[in-house]
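Residue strings, one per chain:
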Amino acid sequence: MFRGITRHKNFLLNRRFVHHLLKDDPIKHGITSEEMDTLEKYANLRKSVNNIQEIRNLLEKLQFTKSKELSDQLQKELRRLPNKTHPSVMHLQEPKVIETFNKFPEFSSNPEDFDEIAKKLNLIRTNHLGNFCGHKSYYFLGALAQLEHGLIRYALDIIRPKGFKLVTVPDILPPEVIQGCGMQTDGERNQVYKLENGLCLSGTSEMALAGFFKDKILEEEELPIKLTATSRCFRAETSGTHDEKGIYRVHQFTKVEMFSICSENQSDELLEEFKNTEIELFKNIGIHFKLLDMPPNELGAPAYRKYDIESWMPGRNFWGEISSCSNCTDYQAQRLNIKYRTKSGEVKYVHSVNGTACAVPRLLISILETFQKAKGSVEIPEVLRKYMRGQEKIKRQKQLPELKLVKNIHSDLK
Amino acid sequence: MITRKIETVRKISQFSRKMSVLYMTGDKAKDAYSPISPYIDLKSVFTDEKKMAQNLKSRNSTINFSETMEKYQKFNKMFVEKQSLEKLRDEISLELKSLQKTNSSDTKIDVLKEKGKQLRIDLHNLKETLYPIESDFIEHFLELPNELSNQCPTNEHERVVFRFGDKLDSPKINHLDHPSVNFNNKFSYYLLDDVAAFEMDFSYQCFDKFVENGYSPVTNADFTKRVLTEAFGSDQAKYENIIEDVPQVNFLQLTGCGSMESFLGYFAKLSVFPSVFPLKLVSMGKSYETPKTENEGVFSAQQSNRVQELTCYENSRDRDLIMDDVLNNVANLLKSLGAHFKIVYLPVRELQQAESLCASIQMYSPYYEKYFEVGRISDYKDYISKRILFNFKDKKDIYFGNMIGGTVVNTSRLAMILIENGKLLDGVVKKKEDSIKTFKNLFL
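Scoring rules and cut-offs
- Residues numbered from 1 in each chain as written.
- Chains lettered and ligands numbered in written order.
- Predicted model: local features only at pLDDT ≥ 70, side-chain atom pairs only at ≥ 80, totals over all residues.
- Pairing = 2+ DSSP bridges.
- Helix = DSSP H or I, 4+ residues; strand = E, 2+ residues; numbered from the N terminus.
- Axes fitted to C-alpha atoms, helices over the stretch in contact; angles between N-to-C directions.
- Parallel < 35°, antiparallel > 145°, perpendicular 65-115°, else oblique.
- Left-handed = near helix turned anticlockwise from the far one by under 90°.
- Contact = placed C-beta atoms within 7 Å.
- Nonpolar A, V, L, I, M, F, W, Y, C, P; charged D, E, K, R; others polar.
- Domains from an automatic or database assignment.
- Buried ≥ 20, exposed ≤ 12 C-beta atoms within 10 Å, placed from the backbone.

With that settled, consider the sheet that holds strand E16 (residues 372–373) of chain A. Residues and elements named next belong to chain A. Taken together, the three strands give an open sheet; going across it, the order is E16-E17-E18, and neighbouring strands pair in antiparallel fashion. Each edge of the sheet is formed by a strand with only one pairing partner; in this case those strands are E16 and strand E18 (393–394). Judged from the two bridges that link them, E16 and strand E17 (residues 377–379) form a sheet pairing that is antiparallel. Note that in E17 the partner of Lys-373 across the bridge is Ser-377.

Turning next to the packing of helix H8 (residues 143–159) of chain A against helix H13 (residues 360–370) of chain A. Residue and element names in this part refer to chain A. At a closest axis distance of 10 Å, the pairing of H8 and H13 adopts a crossing angle of 115°. The angle between H8 and H13 places the two elements in the roughly perpendicular class. In the packing of H8 onto H13, the handedness of the crossing is right-handed. Taken together, the residues of H13 that come into contact with H8 (itself represented by Leu-144, Leu-147, Glu-148 and Leu-151) are Val-360, Leu-363 and Leu-364.

At the junction of the two partners, chain B supplies 58 residues and chain A supplies 52 residues. It is helix H7 (residues 193–212) of chain B that provides the largest number of residues to the side of chain B that touches chain A, a total of eight residues. A per-class count over the side of chain B that touches chain A returns 37 nonpolar, 13 polar and eight charged.

On to the domain arrangement of chain A, then. Each assigned domain of chain A is listed with its residue range as follows: domain 1 (11–82) and domain 2 (89–394). Averaged C-alpha coordinates put domain 1 of chain A and domain 2 of chain A at centres separated by 32 Å.

Before going further, it helps to examine the pairing of strand E15 (residues 351–359) of chain A. On any regular strand, side chains alternate: one points to one face of the sheet, the next to the other face. All names here are of chain A. In terms of residue burial, E15 counts as a mostly covered element, since nine of its nine residues are buried. Sheet topology note: the strand E9 (residues 252–262)/E15 ladder contains eight bridges and is antiparallel. Residue Glu-257 lies in a different strand from E15, and its bridge partner there is Thr-356. Both strand E12 (residues 318–327) and E15 contribute to a ladder of three bridges, which runs antiparallel. Bridge pairing in E15 places Cys-325 opposite Gly-355.

Okay, here's the thing in structure tokens:
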């Protein structure tokens with residue numbers, strides 16, 4: 001169908017191929033029908049949108065007409081293609097449990113869920129806020145707000161000595177940076193908040209950190225660069241399921257992120273380092289969690305390999321994702337044009353690795369549900385007490401008022 | 001049906017950029033829901049009109065108070081007329097009920113029914129005429145500023161209430177030349193390594209200090225609906241608007257959880273017992289306020305890290321004590337940095353609409369040769385509470401909570417000031433080379 005040129009047989013596993021398509025006019029170089037079939041087979045492994053048919057159609061149209069519009073559309077579709085997949089997870093259909101940590105929490109009676117505990121102890125306000133702060137907004141009150149900051153500080157105290165440099169990042173980003181990280185900013189049911197000025201709100205500081213390196217060429221000796229940022233994350237996604245009620249899936253939350261830019265030989269090792277750091281963080285807190293190696297259909301578009309960490313949430317009676325780390329190889333670097341010069345002078349795309357050190361709301365759920373006590377209090381994990389002024393327990397909070405709202409107060413307009 | 005509703009909301013949404021979301025008359029309420037009806041305290045203004053006229057004059061306000069007065073008189077005349085018609089309607093209704101009970105003559109009942117019918121029509125017509133008049137007047141009324149504190153300097157000069165150290169006229173260091181400051185534009189800048197660490201560590205130092213002094217930590221929401229930013233007296237352009245799937249009359253704005261406005265969602269319509277006072281809160285987070293100045297690097301950036309406090313109190317006699325307490329806390333924290341700063345009560349013309357008194361915490365930049373505000377604590381009295389119905393009951397009477405609050409410290413600005421005073425990184429400030437080289441130096 002297409003007049004192709006001879007390519008590397010295993011081109012799909014050759015990232016230069018996709019780069020080639022992204023940078024140059026694909027028609028000029030041609031793509032064979034077999035190549036398209038392999039691309040399709042490969043895209044089918046992922047849950048992400050399969051746009052191969054669209055690419056086929058565009059390539060066919062471009063054979064007969066030189067249209068800039070069609071060519072731009074093709075570039076856009078090619079950018080949406082997923083990353084390649086690590087050979088050791090190619091065969092996986094389901095997440096593979098690698099290891100489980102800490103003991104399973106046992107309770108003498110039915111454990112309560114986060115919402116019940118937090119409301120009973122007056123630690124949260126979620127009711128009647130939609131008309132004032134938007135859908136699914138929340139206020140953390142007293143000890144819960146302090147615990148939030150305790151978790152952030154604890155995470156930074158663990159990861160900063162490991163060579164992660166702290167960065168203050170922008171939360172408002174241009175759409176092209178977000179797209180460059182493999183997230184779409186247009187279309188229906190989009191997860192990205194947009195502002196009237198044309199800019200977007202960042203969904204994770206990984207986007208801003210990757211954006212920092214846009215169009216840069218680094219030297220191989222500088223790599224790996226390990227960064228961390230604490231930022232607000234904005235996500236337009238919603239959920240109506242019972243399991244995800246309350247603050248499990250919210251539109252805004254704080255997250256401590258780990259991020260690295262490295263050479264192609266370093267990313268596999270760094271992913272292991274990120275994974276081990278996450279294990280250390282959660283193991284010390286004492287929550288029960290498991291480490292999962294994720295199958296291709298759970299990787300999203302940018303990840304080549306991804307580990308998820310799920311914690312047991314006893315009040316909800318289910319495993320909830322609290323963290324993950326991904327090796328994105330050169331997927332983001334290609335889209336953001338981030339390169340490095342090897343010692344021999346060759347210019348290559350860098351690799352990027354990211355991981356969640358602390359996503360506050362879900363960690364709070366896990367901690368409150370795990371460490372709840374029968375007498376209506378929550379035991380603070382020992383490693384967090386120094387950030388809570390030495391407190392050992394969270395008890396019912398009396399300093400802040402109970403929720404009591406008025407409907408209206410009549411004004412005398414005479 | 002749904003499409004028609006969306007269309008209506010869309011039309012209103014375009015219009016709503018100009019209209020008040022805070023106060024909606026009955027006619028607008030057909031299409032748009034107003035989550036709150038502010039308490040309109042006419043007496044606070046119209047019992048001493050001269051005081052308000054003087055207040056506006058001192059603030060250099062563009063509000064024409066005579067015009068507001070005229071609107072009030074016009075509204076008041078019709079409002080009284082409406083009330084008398086309503087009273088008459090109620091009387092007829094009562095009389096009809098009693099006649100029907102006593103089996104009076106049909107003729108008498110018919111006459112009354114006819115009279116009642118006519119009254120309903122008259123009342124309906126009067127209401128329709130009154131809506132735009134009421135809306136016009138109340139919108140003007142809600143633009144009137146807070147009453148002034150007697151501590152507020154009424155002349156053109158600020159009053160220094162605390163001063164630490166002396167201002168330096170050199171070195172002439174621009175924070176933008178610092179290798180740890182990577183400024184792209186007002187929306188986007190990065191602080192790296194030790195500057196980022198200072199920003200975070202000092203924020204936590206402030207946060208801890210306030211918690212130690214009895215403030216309850218809270219984490220606020222980042223989005224605030226227009227009804228609350230309007231209640232706070234914020235100009236619509238102060239914050240960016242968020243695009244929503246279905247445009248809302250009461251649209252969302254990005255304020256950030258480190259803004260004063262972000263506290264208000266918690267207090268809207270909240271009714272408390274007086275025993276909770278003083279209710280002292282501290283929060284920490286980002287603010288996304290659109291800068292008023294341009295080309296001043298991080299000083300004119302949209303995003304900043306802030307520690308905020310809000311103290312709600314019952315009685316005006318506590319006001320000075322609370323203000324002193326907050327400012328003492330701030331002063332002690334800043335003194336530890338060893339750089340010059342001053343706390344001043346701003347002259348009345350520099351106050352914002354809701355402020356009755358404003359203490360501005362300022363630090364000097366030798367490079368820009370001017371002071372920048374790194375904190376701002378204001379007394380709002382019960383001005384905001386009346387608008388968002390934050391109330392308490394004492395015996396049977398309803399009162400509104402007083403508020404003193406604002407930015408304890410804007411740590412993003414503070415870090416830049418310290419750089420410009422040679423106080424951060426032991427005064428080691430390098431000239432900016434090309435970005436990659438600078439970057440290399442930092443992370444090697």
